[in-house]
Amino acid sequence: MSSSDSPRERMLARAARDIRAGMVVNLGIGLPTQVLRHVPPALPVCLHAENGISGVGPVRAKGSEDRNLIDAGGAYVSTLPGAAFFDSAVSFAIVRSGRLDLTLLGAFEVAGNGDLANWMIPGSFTPGAGGAIELAQKARRVGVITTHTDKAGRPKIVASCSLPLTAPGCVDRIYTDLAVCDVTPDGLVLAELAAGVTTAEVVAKTGAPLILPAGEIPRF
Amino acid sequence: MRLDSRIIDAARAVADIPDGASVMVGGFGVPGTPFTLIRALVDHGARDLTIIKNDANESGMGIDLLLQSGQMARLITSHIGLNANMVAAMNESRVAVEFVPQGILAERIRTGGAGMAAFLSDIGIGTRMAEGKQRVTMPDGRSYLVEPALRADFALIHAAAADGFGNLRFAASARNFNPLMAMAARTTIAEAECVLPLGGLDPDDIHTPGPFVDRVVALPESLPEVYGVVKR
């Protein structure tokens, strides 16, 4: 695990602050699931797993797993008091009918207009979308968690996605190791800056036009 | 009057699955996957099968065995990312794979099981998932995709408990697609970890009522290792 004040952990901690009491939340596999490390244990939140659980609890220790109880990422989880199990049709009824307050997802590309591509790279990564399309399209609020640039240094936030879309215009907020950006009707707004990061660096590493607010930009 | 008994052994339960059949298989990962019935279908040997399953299990288990044996011609699924064999078979066109968004797959099966023809949905509009689908404009002016019901010749189901009439209960996240598929096949075959006498399941606690289930296979008290926690 990286140190608690690394840019990556600050990004996860910042995303965790937007998980509020009383929410029903679905976390994608990878970075989004790691946000849980920064959610206060006492905060009343209902985690939804698309394979049929509301009230997902912490991952179980090796040796105490329940063979019948995994989350959608295959982790052997526990349940909180008050949890429920249901079939896959009911699970996605929760998603499509507006009961899911927030989903946090990963991204290959996210565009300034909120288009998200996170399920397919033609020719090299074609596993199928699972439940990502419905989560992205129907959660009341969609956050994307991603490094600001890929391993080659190219922006993950682009003017227009080149990969097949998961859903168009679905993203509300993007959390990266450098910044928090909000998708607004006027365009992508730089909402917050990570500690030690300059506006110029974020603009240089963002592939979409970025609206800079007047005045001091909050830090996280 | 009394309710009849549908208990049968695994080999006989799958013996009439013909070449070319469509077969729904329950499960999401390991939980709820009917490994014993899948093994019986491999031994039975029916070929040119269309398999309908949320995922492709992992290499060496579950429906991967039907891939390895060459029995699977088509797969309708939402995600195969944990099975590199299946990804390779798709890329080499040895198996025709149709991807369906997970909740739409579930709802298409539920719709088939409910005796309906189709439903309307906006899921996937604006993505390649919508390509080739029929569209309907509703009186509110919005455009929707027609999602046809999905039915199959057979369904293979895994239950935690059953009675001889075919009433079923599922455990935790092993429920997933099982109760939906149990409704959507012409012949539904359920394996159960525990088969109780009639009356052994409280009517209030039954997840799938017996009229949907044609055959019940009792699993051995000591389950094969494949049902256990996956060691990674």
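Report follows, based on the coordinates.

Rules used in this analysis
Residues numbered from 1 in each chain as written. Chains lettered and ligands numbered in written order. Predicted model: local features only at pLDDT ≥ 70, side-chain atom pairs only at ≥ 80, totals over all residues. Heavy atoms only, no water. Helix = DSSP H or I, 4+ residues; strand = E, 2+ residues; numbered from the N terminus. Rg over C-alpha atoms; globule rule 2.2 N^0.38 Å. Buried < 20%, exposed > 50% of the residue type's maximum accessible area, 1.4 Å probe, protein only. Contact = heavy atoms within 4.5 Å. Areas by Shrake-Rupley, 256 points an atom, 1.4 Å probe, with all protein chains shown as cover. Lys, Arg positive; Asp, Glu negative; His and termini not counted. Charge placed at Lys NZ, Arg CZ, Asp CG, Glu CD. Buried area = accessible area lost by both parts, 1.4 Å probe. Salt bridge = Lys/Arg side-chain N within 4 Å of Asp/Glu carboxyl O. Arc of directions from axis to C-beta. Polar contact = N/O pair within 3.5 Å; in protein donor to acceptor, adjacent residues only side chain to side chain. Core = buried A, V, L, I, M, F, W, Y, C linked by side-chain atoms within 4.5 Å. Pairing = 2+ DSSP bridges. Axes fitted to C-alpha atoms, helices over the stretch in contact; angles between N-to-C directions. Disulfide = S-S within 2.5 Å.

**Looking at the overall build of chain B**
Phase 1 of the analysis: The number of helices and strands found in chain B is 6 helices and 11 strands.
Phase 2 of the analysis: For chain B, the C-alpha radius of gyration of 18 Å lies close to 17 Å, the compact-globule estimate for 232 residues.
Phase 3 of the analysis: In terms of its C-alpha atoms, chain B occupies a principal-axis envelope of roughly 55 × 45 × 35 Å.
Phase 4 of the analysis: By the burial criterion, 54% of the 232 residues in chain B qualify as buried.
Phase 5 of the analysis: In chain B, of all internal contacts separated by at least 6 residues, the share reaching a separation of at least 24 is 72%.
Phase 6 of the analysis: Accessible surface, chain B as shown: approximately 9700 Å² in total, 51% of it carbon and sulfur.
Phase 7 of the analysis: Of the side chains in chain B, 21 bear a positive and 26 a negative charge, and the two mean positions are spaced by 4 Å.

**What to know about the overall build of chain A**
Phase 1 of the analysis: A tally of regular secondary structure across chain A gives 5 helices and 13 strands.
Phase 2 of the analysis: The C-alpha atoms of chain A give 17 Å as radius of gyration, which agrees with the globular expectation for 220 residues (17 Å, within 12%).
Phase 3 of the analysis: The principal-axis extents of the C-alpha atoms in chain A amount to approximately 50 × 35 × 30 Å.
Phase 4 of the analysis: Burial analysis of chain A (220 residues in total) assigns 54% to the buried set.
Phase 5 of the analysis: Split by element, the accessible area of chain A, about 9300 Å² in all, is 56% carbon and sulfur.
Phase 6 of the analysis: Each charge sign in chain A was given a centre, from 20 positive and 20 negative side chains, and these centres are 2 Å apart.

**What to know about the interface of chain B and chain A**
Phase 1 of the analysis: Contact residues are listed per partner, giving 41 residues for chain B and 36 residues for chain A.
Phase 2 of the analysis: Roughly 3100 Å² of surface becomes buried between chain B and chain A when both sides are summed, with 59% attributable to carbon and sulfur atoms.
Phase 3 of the analysis: The interface formed by chain B and chain A includes 3 salt bridges.
Phase 4 of the analysis: With a shortest N-O distance of 2.5 Å, B:Glu193 and A:Arg67 are connected by a salt bridge.

**A few points about helix α4 (residues 84-91) of chain B**
Note: α-helices contain 3.6 residues per turn, so residues at a spacing of three or four share the same orientation.
Residues and elements named next belong to chain B.
Phase 1 of the analysis: Those residues of α4 not exposed but buried are Met86, Val87, Ala89 and Met90. Each buried residue of α4 lies within a common arc of 160° when the element is viewed along its axis, so the set occupies one face. Seen from the buried face of α4, the exposed residues on the opposite side, beyond 90 degrees, are Ala84 and Asn91.
Phase 2 of the analysis: Buried residues along α4 sit against α3 (64-68), β3 (72-77) and β4 (96-99).
Phase 3 of the analysis: With a side-chain oxygen positioned 2.9 Å from the backbone nitrogen of Asn85, the residue opening α4 is Asn83.
Phase 4 of the analysis: Looking one or two residues beyond α4, the residue adopting positive phi is Ser93, at roughly 60°.

**A closer look at the nonpolar core**
Phase 1 of the analysis: Counting residues in hydrophobic clusters, the biggest one holds 57 residues, and the most contacted among them are A:Ile19, A:Val35, A:Leu104, A:Leu116, A:Ile145 and A:Val171.
Phase 2 of the analysis: Excluding its chain neighbours within four sequence positions, the residues that come into contact with A:Leu116 are A:Leu105, A:Gly106, A:Ala107, A:Glu109, A:Val110, A:Ala136, A:Val144, A:Leu165, A:Thr166, A:Ala167, A:Cys170 and A:Val171.
Phase 3 of the analysis: Residues A:Ile133, B:Ala106, B:Ile123 and B:Ala192 belong to the second largest nonpolar core, which totals 34 residues.

**A few points about the environment of B:Ala106**
Phase 1 of the analysis: Mapping B:Ala106 onto the fold places it in helix α5 (residues 102-113).
Phase 2 of the analysis: The spatial distance from the C-alpha of B:Ala106 to the C-alpha of B:Asn54 is 8.4 Å, given a sequence separation of 52 residues.
Phase 3 of the analysis: In this structure, B:Ala106 is in contact with A:Ser88, A:Ala89, B:Phe177 and B:Leu180, ignoring residues within four places of it in sequence.

**Concerning the sheet that holds strand β7 (residues 143-148) of chain B**
Residue and element names in this part refer to chain B.
Phase 1 of the analysis: Read across the open sheet, the 3 strands follow the order β5-β7-β6; overall the sheet is antiparallel. Of all strands in the sheet, those with a lone pairing partner are β5 (118-121) and β6 (135-137), marking the two edges. Ignoring strand direction, the axes of neighbouring strands in this sheet form an average angle of 40°.
Phase 2 of the analysis: Here β5 pairs with β7 via 4 bridges, running antiparallel. Bridge pairing links Leu120 to Val146 in β7.
Phase 3 of the analysis: Contacts between α5 and the sheet are confined to β5 and β7, with β5 contributing the most and set at about 150° to the helix.

**Structural notes on the state of the cysteines**
All names here are of chain A.
Phase 1 of the analysis: Under the counting rule described, the total for this entry stands at 0 disulfides over all chains.
Phase 2 of the analysis: The thiol sulfur of Cys161 is not disulfide-bonded, and the nearest other cysteine sulfur, from Cys170, lies at 9.0 Å.
Phase 3 of the analysis: Its sulfur unpaired, Cys181 is 14 Å from the next cysteine sulfur, which belongs to Cys161.

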